[in-house]
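Chain and residue survey
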Amino acid sequence: MSDTLGLVLFSGTDDKLQAAAVLAAGAAATGKPVHVFLQYWALDAFRAERVGRDHGAAPEAGAEGIAAMAALRVAGQASWLETLSQAKEIGAVTVQACSLSMDLLHLEQEDLDPIVDGVEGVAAFMFEAGDGQIVFI
Amino acid sequence: MSDTLGLVLFSGTDDKLQAAAVLAAGAAATGKPVHVFLQYWALDAFRAERVGRDHGAAPEAGAEGIAAMAALRVAGQASWLETLSQAKEIGAVTVQACSLSMDLLHLEQEDLDPIVDGVEGVAAFMFEAGDGQIVFI
Amino acid sequence: MSDTLGLVLFSGTDDKLQAAAVLAAGAAATGKPVHVFLQYWALDAFRAERVGRDHGAAPEAGAEGIAAMAALRVAGQASWLETLSQAKEIGAVTVQACSLSMDLLHLEQEDLDPIVDGVEGVAAFMFEAGDGQIVFI
């Protein structure tokens, strides 16, 4: 059970979600199972009705950083949702929503994008993560 | 020594501190020893005179997110300090303040909430963490 | 390969970069190889022409936190770049720029501070990280 990557996604801005999706894809490409666990504002970004919206960036991105990200989108770069979908096709990537954050945001699973596989508690996530890597983004 | 969770708390907003406390509790519930290491604005949030204050949330929380967090508090949700206290009762959870951050903020241990067990340097933390998980929040 | 620390630096503010440099130095002091991987706004902070600038702090630092950081600099505290250089002298610390973020920011390696050893993709970073620790800052 130790050779897994647990990705706790907390932040809901496009830059961090893209960084997370790329890490998931990189791990999947090396054959490592990936458990993605969605909390707080990251979970909010996976609402079906909002998933395609602009979710902004970290404050430090500045106008220059935001413009650079927009230019990549115009040039056809895959979105974080597309990159995460590709990671699921490459390897063993599961996406679970944190049950406490579901309560916080008054969400049911049908409110979420279908890339989300289910809802679980933090103890279940920690059990799956075992002694593997845990990365908080 | 590998089967431990090292939690480096850097951020001092209530949303991240709650996420951290829940991870600590989840790890403790699965029998994993947890080493919490308080730096920068997370350490600042553990000042005895400020620990019960509103510490805000990540900028991306927005008005909707802040309102959701406030609603949970009104409904009686445990604060991050209470959740971390419960984690200490469930399992082997220690809370250490980073000595460099103590200097930065001109703090002595008596300035901190009694949940903090002591003060140590980063090399001591890294030694305790061994090859276990390290999560930066 | 498991006994390594992979540090993914995403954030480009001085407080997080200092926390990262201190973790790298602490790991190096305990004999652990460290792979630093620069993405997004952290990579931007390593531009040769900007590396010495004030890169701000997390929004939650507040005026009090910013003043505390400035006071340490005036008192002669090593900058994050100096701390990271010291970590490279102490132990096996490599600093790689993420190729995707290089594209995002239209950078070539000669645009970066010489502390950066090279440019690589995320799959190469994940392969080097193996089953070791991965910390996202």
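Structural data are supplied above this passage.
In what follows, the accompanying structure is described. (Residues numbered from 1 in each chain as written. Chains lettered and ligands numbered in written order. Predicted model: local features only at pLDDT ≥ 70, side-chain atom pairs only at ≥ 80, totals over all residues. Heavy atoms only, no water.)

Here two copies of a chain appear, and what relates them is a rotation about an axis with a shift along it. With an RMSD of 0.0 Å, the fit of chain A onto chain C corresponds to turning through 120 degrees and sliding 0.0 Å along the axis. Such a turn and shift between the copies fits a three-fold axis. A low fraction, 15%, of the interface residues of chain A reappear at the interface in chain C, so the copies pair through non-equivalent surfaces. (Least-squares fit on C-alpha atoms with pLDDT ≥ 70 in both. Contact = heavy atoms within 4.5 Å.)

Counting from both sides, the interface comprises 26 residues of chain A and, opposite them, 23 residues of chain C. Taken together, the two surfaces of chain A and chain C that pack against each other cover about 2,000 Å², and 69% of this comes from carbon and sulfur. Three residues stand out in chain A for area buried against chain C, namely L23(A), E60(A) and Q133(A), and they jointly supply 26% of the buried area on that side. Our count for the contact surface shared by chain A and chain C stands at three salt bridges. The shortest N-O distance in the salt bridge between R50(C) and E64(A) comes to 3.3 Å. Between the two partners, chain A and chain C, sit seven residue pairs in polar contact (both at pLDDT 80 or more). For the side of chain A that touches chain C, the leading source of residues is helix 1 (residues 14-29) of chain A, giving eight residues. Per-class residue counts for the side of chain A that touches chain C are 15 nonpolar, five polar and six charged. (Buried area = accessible area lost by both parts, 1.4 Å probe. Salt bridge = Lys/Arg side-chain N within 4 Å of Asp/Glu carboxyl O. Polar contact = N/O pair within 3.5 Å; in protein donor to acceptor, adjacent residues only side chain to side chain. Helix = DSSP H or I, 4+ residues; strand = E, 2+ residues; numbered from the N terminus. Nonpolar A, V, L, I, M, F, W, Y, C, P; charged D, E, K, R; others polar.)

All names here are of chain C. Read across the sheet, five strands follow the order 4-3-2-1-5 without closing on themselves; strand pairing throughout is parallel. Strands with a single pairing partner mark the edges of an open sheet, and in this sheet they are strand 4 (118-120) and strand 5 (133-136). Strand-to-strand twist across the sheet, computed as the mean angle between neighbouring axes with direction ignored, equals 30 degrees. Direction of pairing for strand 1 (residues 5-9) relative to strand 5: parallel, over a ladder of four bridges. Opposite L5, over in strand 5, you have Q133 as the bridge partner. Strand contacts of helix 1 (residues 14-29): strand 1, strand 2 (34-38) and strand 3 (93-98), with the helix running at about 170 degrees to strand 1, the strand carrying the most contacts. (Pairing = 2+ DSSP bridges. Axes fitted to C-alpha atoms, helices over the stretch in contact; angles between N-to-C directions.)

With that settled, consider the relation of the copies chain A and chain B. Of the two same-sequence chains, chain A is brought onto chain B (RMSD 0.0 Å, axial shift 0.0 Å) by a rotation of 120 degrees. Little of the interface of chain A is mirrored in chain B: 17% of its interface residues are interface residues there too.

Taken together, the side chains of D103(A), E108(A), E110(A) and D111(A) present a region of like negative charge at the surface. Note that D103(A) resides in helix 5 (residues 99-104). (Patch = residues over 30% accessible without salt bridge, like charges linked within 9 Å, V, L, I, M, F, W, Y side chains within 5 Å. Areas by Shrake-Rupley, 256 points an atom, 1.4 Å probe, with all protein chains shown as cover. Lys, Arg positive; Asp, Glu negative; His and termini not counted. Charge placed at Lys NZ, Arg CZ, Asp CG, Glu CD.)

Residue and element names in this part refer to chain A. In space, the five strands of this open sheet follow the order 4-3-2-1-5, with parallel pairing throughout. Looking at which strands have only one partner, the edges of the open sheet turn out to be strand 4 (118-120) and strand 5 (133-136). Taken over all neighbouring pairs, the strand axes of this sheet differ in orientation by 30 degrees on average, direction set aside. Where strand 3 (residues 93-98) and strand 4 come together, three bridges link them in parallel fashion. Bridge pairing links Q96 to G118 in strand 4.

Moving on: the interface of chain A and chain B. Residue-level contacts link 23 residues of chain A with 26 residues of chain B. Roughly 2,000 Å² of surface becomes buried between chain A and chain B when both sides are summed, with 68% attributable to carbon and sulfur atoms. When residues of chain A are sorted by the area they lose upon contact with chain B, W41(A), M126(A) and F136(A) head the list and together hold 31% of the total. For the pair chain A and chain B, the number of links is three salt bridges. Summed over the shared surface of chain A and chain B, the result is seven residue pairs in polar contact (both at pLDDT 80 or more). Class assignment of the residues belonging to the side of chain A that touches chain B gives a composition of 13 nonpolar, six polar and four charged.

Residues and elements named next belong to chain A. Across the five residues that make up strand 1 (residues 5-9), a large majority, five, are buried. Side chains L5, L7 and L9 project from strand 1 onto one buried face, and the interleaved G6 and V8 project onto a second face that is buried too. Of the strand pairs in this sheet, strand 1 and strand 2 (residues 34-38) are connected by five bridges, and their pairing is parallel. The residue bridging L7 from the neighbouring strand is V36, located in strand 2. Running through helix 1, the crossover from strand 1 to the neighbouring parallel element strand 2 is right-handed. (Buried < 20%, exposed > 50% of the residue type's maximum accessible area, 1.4 Å probe, protein only. Right-handed = clockwise from strand over helix to strand, strands pointing away.)

Here we come to helix 3 (residues 62-74) of chain C. Between the first and last C-alpha of helix 3 of chain C there are 19 Å, a value that for 13 residues agrees with the 18 Å anticipated at 1.5 Å per step. Taken together, the buried positions of helix 3 of chain C are occupied by G65(C), A68(C) and M69(C). Seen from one end, helix 3 of chain C has its buried residues packed into an arc of 95 degrees, which puts them on one side. In this structure, helix 3 of chain C carries A63(C) and V74(C) as exposed residues pointing more than 90 degrees from its buried face. Residues of helix 3 of chain C that are buried make contact with helix 2 (40-45) and helix 5 (99-104) of chain B together with helix 1 of chain C. Phi for G76(C), located one or two positions after helix 3 of chain C, is positive at around 95 degrees. (Expected span 1.5 Å × (residues − 1). Arc of directions from axis to C-beta.)

Bringing the pairing of strand 3 of chain A into the picture now. Here strand 3 of chain A lies mainly inside the structure; five of its six residues are buried. For the crossover that starts at strand 3 of chain A, traverses helix 5 of chain A and ends in the parallel strand 4 of chain A, the hand is right-handed.

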